[in-house]
Amino acid sequence: MTTIHNANIVEIRRDLHAYPETGWTEFRTTALVAAELDRLGYKLYLGSDAIAVDERLGVPSDDELAGALRRAQEADAPEEYLDRMNGVTGLIGEKRFGDGTGPTVGVRVDMDALDRTEAGDNTHRPAQEGFASRYPDKMHACGHDGHTAIGIGIARTLENDDEAEFNGTLKLFFQPAEEGGRGGLPMSRTPHLENIDYFFALHLGLGNETGKIIAGYDRPLSNAKLDVEFSGEPAHAGKAPEKGKNALQAAATAIQNLYAIPRHSDGATRINVGKLTSLNAQNVIAERTEMRVEVRGETAALNESMLDAAERILIHSAAMHNVNLETELYGKSTTFVSDQSAIDIVTKAASTIDNVDEIVEQETIGASEDASFLINRVQELGGKCTYVGIGASNTAGHHTAYFDIDETALQIGVDVLVQTITRCAIE
């Protein structure tokens, strides 16, 4: 699909599902969206014009980025927009409607997939119907393909539907690298969030049935992820073990003690080691071990407390086993509280949509979400924000190999957001 002009939003979602791109490699996705927004008359800010490049977290290697760009070219991504990205993914589209005197409304959707292999048996609908991932180690397992399709649907509806009478300016934020909390912070550090009156982020599924709308998700857990490397000295494990400096033993010490960090009386905290790699033979003292650690906290302060404790344990684990330690922040998110005035607009908008049969005004999201940085920035500047949940009857849990959505939720999401945007100009 070299263009999505003639595709409906279900077809767009399925195309994106078949060509998943992980954080900072969403070249094809960004180019396809840019081509469609360009056709609809939006002013485009691509790549480094949409992202504070130096603020990016967890950026893949140059070789990985080059390979992803080649893959996008081979999948017929529009070359014109690939060239304009300068190797950086992400897109903001901006357009004035009516006489432009109304409010400025921002909508954020995320685009990235996950590093996991999708189920291939016929009990999984994408496999059965031929739109499962074409890449064996990547999958849209969280609904971001649907989020991107909804963003395009919003742009189309406001342009083509005579009943969608919005008077104001719309900014559509197509954010890269949400997974791992890597893209929200650099997108929030741009001037594009200035002068926004209302800002909405959205998410499909999250265990909610199609037809259910949560007008105000909030209070996600703050989150931080660290890439950790212990480096020591190799030695023969049988002949001269004393000559080695065991990086794997340092990692094991760290893991045991990371999970022993006490919980906090001020609120919920979390710790997890999700990745451990040590490519050594069984008869060699391990010279290098890599880990990825994440901490979470109910508040930003609790998250920082957990991060400080984790870093202290890592430092002392390295010292105990006389190995070197390097750490790098891989990703981060914070928390937020949705604004009641924005929640009220979504609630009223959702009540006018025929296929919406349940509306929950406010609910704690429970997970982590880097739209938090964009929401916090808009609120700091005086805008009102909320995070909208769109039920999608997902048949399996998020981030699992069998994840899928009820695609009728896509149009519901478009309708709710379009009506929400329109109401921002009359509230």
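Cut-offs used in this document
- Residues numbered from 1 in each chain as written.
- Predicted model: local features only at pLDDT ≥ 70, side-chain atom pairs only at ≥ 80, totals over all residues.
- Heavy atoms only, no water.
- Axes fitted to C-alpha atoms, helices over the stretch in contact; angles between N-to-C directions.
- Helix = DSSP H or I, 4+ residues; strand = E, 2+ residues; numbered from the N terminus.
- Parallel < 35°, antiparallel > 145°, perpendicular 65-115°, else oblique.
- Left-handed = near helix turned anticlockwise from the far one by under 90°.
- Contact = heavy atoms within 4.5 Å.
- Nonpolar A, V, L, I, M, F, W, Y, C, P; charged D, E, K, R; others polar.
- Phe/Tyr/Trp six-rings, centres within 6.5 Å; stacked < 30°, edge-to-face > 60°.
- Buried < 20%, exposed > 50% of the residue type's maximum accessible area, 1.4 Å probe, protein only.
- Patch = residues over 30% accessible without salt bridge, like charges linked within 9 Å, V, L, I, M, F, W, Y side chains within 5 Å.
- Areas by Shrake-Rupley, 256 points an atom, 1.4 Å probe, with all protein chains shown as cover.
- Salt bridge = Lys/Arg side-chain N within 4 Å of Asp/Glu carboxyl O.
- Lys, Arg positive; Asp, Glu negative; His and termini not counted.
- Charge placed at Lys NZ, Arg CZ, Asp CG, Glu CD.
- Polar contact = N/O pair within 3.5 Å; in protein donor to acceptor, adjacent residues only side chain to side chain.
- 1 Å grid on protein atoms, 1.4 Å probe; cavity = no way out; pocket = protein on both sides within 12 Å on 5 of 7 lines; lining within 4 Å.
- Points joined across faces, edges and corners; volume = space filled by probe spheres on them.

Enquirer: Would you mind going over the packing of helix H6 (residues 144–160) against helix H12 (residues 408–424) in detail, with residue names and values included?
Expert: In contact at an axis separation of 9 Å, H6 and H12 are set at 50° when each is read in the N-to-C sense. In terms of orientation, H6 lies oblique with respect to H12. Crossing geometry of H6 relative to H12 is assigned as right-handed. Residues Gly146, Ile150, Gly153, Ile154, Thr157 and Leu158 of H6 touch H12, and the partners they reach there are Leu410, Gly413, Val414, Leu417, Val418, Ile421 and Thr422. Grouping the constituent residues of the contact of H6 with H12 by class yields eight nonpolar, five polar and no charged.

Enquirer: Talk me through the packing of aromatic side chains; I want residue IDs and the actual numbers.
Expert: All told, the structure shown has six aromatic pairs when counted by the stated rule. Seen from their ring centres, Tyr19 and Tyr135 are 6.2 Å apart, and the 70° between their planes marks the pair as edge-to-face. Here the residue Tyr19 occupies a position in the loop between helix H1 (9–18) and helix H2 (27–39), and Tyr135 occupies one in the loop between helix H5 (125–128) and H6, the gap between them amounting to 116 residues. This pair shows no difference in class: Tyr19 is buried, exactly as Tyr135 is.

Enquirer: Please provide a residue-by-residue account of a negative patch on the surface, values included.
Expert: A surface patch of negative charge is lined by Asp38, Glu79, Glu80 and Asp83. The biggest single contributor to the negative patch is helix H4 (residues 79–85), with three residues. Inspection of the secondary structure assignment puts Asp83 in helix H4.

Enquirer: Describe the side chain of Arg423, naming the residues involved and giving the relevant values.
Expert: Along the chain, the position of Arg423 falls in helix H12. Ignoring anything within four residues of it in the chain, the contact list for Arg423 reads Ile345, Lys348, Ala349 and Thr352.

Enquirer: Give a description of the side chain of Thr210 that names residues and reports values.
Expert: With respect to the element layout, Thr210 can be found in the loop between strand E5 (198–204) and strand E6 (212–218). Side-chain polar atoms of Thr210 contact the side chain of Asp406, separated by 2.8 Å. When sequence neighbours within four positions are dropped, the list of residues in contact with Thr210 reads Asp357, Gly391, Ala392, Ser393, Asp406, Thr408, Ala409 and Ile412.

Enquirer: Go over the layout of surface pockets, please, and point to the residues and values.
Expert: A probe as big as a water molecule, rolled over the atoms, marks out the empty space that is left. The volume enclosed by the largest pocket comes to roughly 830 Å³. Around the largest pocket, the lining comprises 34 residues; the ones closest to its centre are Leu114, Glu179, Gly180, Lys225 and His399. Counting only elements with at least two residues in the lining of the largest pocket, the list comes to strand E7 (222–231), strand E8 (269–277), strand E9 (288–297) and strand E10 (324–333). Classifying every residue of the lining of the largest pocket by side-chain character gives nine nonpolar, 13 polar and 12 charged. The computed volume of the second largest pocket comes to approximately 700 Å³. Lining of the second largest pocket is provided by 28 residues; of these, Pro60, Glu64, Asp227, Arg292 and Tyr330 occupy positions nearest its centre. When residues of the lining of the second largest pocket are traced back to their parent elements, those giving at least two are helix H3 (62–74), E7, E9 and E10. Looking at the lining of the second largest pocket, its residues break down into eight nonpolar, six polar and 14 charged.

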